[in-house]
Amino acid sequence: MQSKVSSVQKPAAPSLKGFEWRNYIVYFAFVGVLIYFSISLSDEGFLTSANLLNIVRQTATISLMALAMTFVISTGEIDLSVGSIAALSSLVGALAIQAGYGIIGGLIGGVGTGLVVGLINGLLVTKVAIPSFLVTLGTMGAVKGAAMWVTDTAPVPIVDANFNFIFGSGDIGPIPVLLIWTLVFTVIAHILLRKTSFGRQVLATGGNESAARFSGVKTMKIKLMVFLATGLMAGLAGLLYAGRMNAGRFSFGEGDELSVIAAVILGGTSLFGGVGTIIGTIVGSLMIGTINNGLIIMGLDVSQQMIIKGVIIILAVAFGKKAMKR
Amino acid sequence: MEQPILEMRGINKAFNGITVLNDVHFSVKKGEVHALMGGNGAGKSTLMKILTGVYTADSGEILIEGQPVTIKSYDEAQKNNISMIFQEFSLIPTLTVAQNIYLTREKKTSIGLLDDKDCEKKTEKLLEELGVDIRPNDLVHNLGVGYWQMTEIAKALSQEAKILIMDEPTSSLTKNETEVLFSFINKLKAKGYSIIYISHRMDEIFEICDRITIMRDGRYVTTEKCSETDLDTVISHIVGMQFDQAFEWKERTYALDVPPIFEVRNLSAEHVQDINLKIQPGEIVGIAGLMGSGRTELLRNLFGIDPIKSGDIYINGQKHSIKNPKNAIEAGLALIPEDRRMQGLVLEHSVKDNMTLPILSKVKKGAFIDSKKSNEISKEFVRKLNIKTDNIFKKAGLLSGGNQQKIVLAKWLANDPTVLMLDEPTIGVDIGAKTEIVEIIRAMAENGKAILVVSSELPELLALSDRVIIMHDGKIKKEMTRREIKSEEELQYAIQGF
Ligand SMILES: Nc1ncnc2c1ncn2[C@@H]1O[C@H](COP(=O)(O)OP(=O)(O)OP(=O)(O)O)[C@@H](O)[C@H]1O
Ligand SMILES: [Mg+2]
């Protein structure tokens, strides 16, 4: 008997059309956006190194949250509460510092807040089996409410210069600390997703949950972990807001869920789960940051920026879906 | 006598007080392919789910190589070297073959990261050994269905499985793929693996299996050697009585002097070209052809699922432009799709709700659904198609595979269409129900409907059709009246393009 299987429909050659195009679209788009702003805003100094570094600073918070969101979306879930977590964390961190617990105290307060909310999200999704969209829509509101309530909407100033340096405005040589934060976590997230069994199981869970379970993946545990991850990173993002602005404030992170999800989807992570890319996410995030920055320089206000971001998300998902269908 | 590798003794199982398995015995030897047969709802899948720890038996014991074991989860089944080859649901499409095979069992490098190289090497070796021509880093998503199964089998073998369970493995495979799977199964057998093979296709069973165990209504009937039994005996065991050959063609008459009830003129679309077709009222037309010859695509075009490029469709002499299935239904068309479980059923809804979904407008009383009438219709079809269910309010998802198929059939038959199109109407359906379905299709034709059937099972096609159209590469290549076809072989030749 002939032993090689050959008469059967061959595995289709890895489709160049769909997947590759989808994977690289964000890079082309990013370059396009850069070129567009460089030309149209050349008089306003868009392309100066000062402004570019500024973009990196402003984008750090979005980037950190988007890194974690990549994991959540890769499991086929979503977390809408990140912006609200950032707000509450900035306040808890600031209050801890004000109360004299120092930088470590602020760090534990801010990150701890994020982890607690992440835990609640994760438990509600996994144990009570409520869809993550609804769970995090709920916590988005509740946590935001809590952030407004702790100080009765008053900002909490942070006078600790070291904190403000490490978590915000500091530069080491020419390099902003916020860039370092971004780089470090990008590397960690990339290795986590691509090279560890945790990452593999995240992708498996999103690719086909029941199959993953049959293969021995503890899908519930994985989901719980990814919500802890967004909680953690949103908490840290809150501290970065606080460090950059030298205060905790309830309005930080407002609307960030939109930017964060847009960054992840633009980057090529599938909203349907199973496909995720950290490099794509970080480029997507830089692109969102660049657009934000460019729109501000152009003189558009927040409402107009939100419209544009909303449109970008829908376009990104529509493109991704087309490409998926091949 | 040689000790069986697997023995199940006195297995009992009831769901909500309804007995599904009653004192079932089953035993498999090392290195044999053992068929498990029985009508829809006989309890085959349930027995295998007990073996793989999905359900626990109410009583009875399982012995592996003579040792009693308890199997409470799929994990424990695997520890006892038992693996289920799921049809397509247990692989992760977005991962590669190697990543799938070693998921959660990856080797780690010294610093705890995944060693994908090692995975790929082991997979390559495994695939090489099994003679499967795919690459370890192919995305599963890009593989044909046949390869999914082989990947699954490779995965099972990498976990030291010795007993493989295949529940209707060929139902989504082409003829070629089936052949490849069979030669693969033979190789496994030679290597000493045992395979439990569930299928309703008799020819397959006799081709590949060594022994057959037959179940009926949740009871063990008999176990026979394939070489010492024959088709009729097996069928009579499955059906439980002497079986009358319904798979015989009955010469039928229908009016030729009236205008055709259904006509297609010069239809072209992505996968079909230049289709011309006329069906008289009361006529049954069969479409034969190889996989990929455009049969299913043609039905999808006619039903408005996929767009047509040019051509016209006439029903009762009237031209209809069909842009979507809703237009098609309104024009009096019905399509019973091939992939019924996926396309045709809401698993979470009751048998009744599924059946009456397309006919809601017919069972309405004012603004409300007339539940008495819809109950009656549902009960009638449950009886007609012999659907095995406790009652019409049971969730469709809890029925056996074949009974789910029948619900979808009922759903469209209840709609009473002018033109009924069926794609592989008896796939996954047991021999008893097959004949009933054939009878129902004939009865619909007697009522003056036009019937268009696609089937790969030639005996069925020959039993049903008044005329057979043979498709090849998207075109109608040949047309034969049933009378012209002398034998199944002749039709087979025509299909192969001789
Ligand atoms: N979880 C469940 N709850 C209630 N009834 C069930 C459940 N699972 C199976 N049944 C019933 O048990 C009977 C046997 O089903 P099973 O799936 O074992 O049949 P089968 O022999 O595999 O049939 P088929 O050839 O149609 O696949 C059916 O009547 C089915 O409705
Ligand atoms: Mg079954």
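Remember, it's a predicted structure, so these values are computed and weren't measured experimentally.

## Overview of the domain arrangement of chain B
Residue and element names in this part refer to chain B.
Here is step 1 of the chain: Domain annotation of chain B identifies domain 1 (6-239) and domain 2 (245-496).
Here is step 2 of the chain: Of the roughly 1,300 Å² buried between domain 1 and domain 2, counting both surfaces, carbon and sulfur atoms make up 59%.
Here is step 3 of the chain: The three residues of domain 1 that bury the most area against domain 2 are Asn-40, Gly-41 and His-200, which together make up 37% of that side's buried surface.
Here is step 4 of the chain: Counting across the domain 1 and domain 2 interface gives 0 salt bridges.
Here is step 5 of the chain: Applying the counting criterion to the domain 1 and domain 2 interface returns 2 residue pairs in polar contact (both at pLDDT 80 or more).
Here is step 6 of the chain: A total of 3 residues in the side of domain 1 that touches domain 2 trace back to one element, the largest contributor, which is helix H8 (residues 231-239).
Here is step 7 of the chain: Residue classes in the side of domain 1 that touches domain 2 are distributed as 4 nonpolar, 7 polar and 3 charged.

## Observations concerning the packing of aromatic side chains
Here is step 1 of the chain: Tallying each qualifying case throughout the model produces 10 aromatic pairs over all chains.
Here is step 2 of the chain: Ring centres 5.2 Å apart and planes at 15° place the aromatic pair Tyr-241 of chain A and Phe-252 of chain A in the stacked group. Pair noted here: Tyr-241 of chain A is in helix H10 (residues 219-245) and Phe-252 of chain A is in the loop between strand S4 (247-248) and helix H11 (256-267), with a separation of 11 residues, a long-range link.
Here is step 3 of the chain: Exposure remark for Phe-252 of chain A: the relative accessible area of 7% places this residue in the buried category.
Here is step 4 of the chain: Measuring from ring centre to ring centre gives 6.2 Å for Phe-182 of chain B and Tyr-197 of chain B, while their planes differ by 65°; the resulting arrangement is edge-to-face. Of the two residues, Phe-182 of chain B is situated in helix H6 (residues 175-190) and Tyr-197 of chain B in strand S8 (residues 194-198); the sequence distance between them amounts to 15 residues. With respect to burial, Phe-182 of chain B and Tyr-197 of chain B carry one shared label: buried.

## Quick look at a negative patch on the surface
Here is step 1 of the chain: On the surface, a cluster of negative charge is made up of Glu-179, Asp-203, Glu-207, Glu-488 and Glu-489 of chain B.
Here is step 2 of the chain: Those elements that provide at least two residues to the negative patch are helix H7 (202-208) and helix H17 (488-496) of chain B.

## Considerations on the sheet that holds strand S14 (residues 308-315) of chain B
Residues and elements named next belong to chain B.
Here is step 1 of the chain: The sheet built from 4 strands is open, its strands ordered S12-S11-S14-S15 with antiparallel pairing. Lying at the two open borders of the sheet, with one neighbouring strand each, are strand S12 (275-279) and strand S15 (318-320). Recorded for the sheet is a direction-independent mean angle of 15° between the axes of neighbouring strands.
Here is step 2 of the chain: By the bridge criterion, 3 bridges tie S14 to S15 in an arrangement that is antiparallel.

Conventions and cut-offs
Starting from 1, residues in each chain are numbered consecutively following that chain's sequence as written. Chains and ligands are labelled by the order in which they are written, letters from A for the one and numbers from 1 for the other. Only residues with pLDDT of at least 70 get local features here, since the model is predicted, and only at 80 or more are side-chain atom pairs given and counted; chain-wide, interface and lining totals rely on the full set of residues. To get the side-chain values, take all heavy atoms of the structure and skip hydrogens and water. Domain boundaries shown here were taken from an automatic or database domain assignment. When two parts are put together, the accessible area they lose, computed with a 1.4 Å probe and summed over both, is reported as buried area. Only one rule defines a salt bridge in this text: a Lys or Arg side-chain nitrogen within 4 Å of an Asp or Glu carboxyl oxygen. Polar contact is defined as a pair of N or O atoms within 3.5 Å, subject to the rule that within protein one atom must be able to donate a hydrogen and the other to accept it, and that residues adjacent in sequence are counted only when both atoms are side-chain atoms. Secondary structure follows DSSP: runs of H or I at least 4 residues long count as helices, runs of E at least 2 residues long count as strands, and numbering of each begins at the N terminus. In the scheme used here, Gly and all other residues not listed as nonpolar or charged are polar, with Ala, Val, Leu, Ile, Met, Phe, Trp, Tyr, Cys and Pro taken as nonpolar and Asp, Glu, Lys and Arg as charged. In summary, the pairing rule links any two rings of Phe, Tyr or Trp, Trp by its six-membered ring, whose centres are within 6.5 Å, and it sorts them by plane angle into stacked for under 30 degrees, edge-to-face for over 60 and tilted for everything else. Residue burial is assigned from relative accessible area. The probe radius is 1.4 Å, only protein chains are included, and a residue is buried under 20% of its type maximum, exposed over 50%, and partly exposed in between. Like charges within 9 Å and nonpolar side chains (Val, Leu, Ile, Met, Phe, Trp, Tyr) within 5 Å are joined into patches, using only residues over 30% in relative accessible area that form no salt bridge. Note that accessible areas follow from Shrake-Rupley with a 1.4 Å probe, and for residues the cover is restricted to the protein chains shown. In this tally Asp and Glu are treated as negative and Lys and Arg as positive; neither His nor the chain ends contributes. Charge positions are represented by NZ for Lys, CZ for Arg, CG for Asp and CD for Glu. In short, DSSP must find at least two bridges between two strands for them to pair. Angles run from 0 to 180 degrees between N-to-C directions of axes, and those axes are lines fitted to C-alpha atoms, restricted for helices to the stretch in contact.

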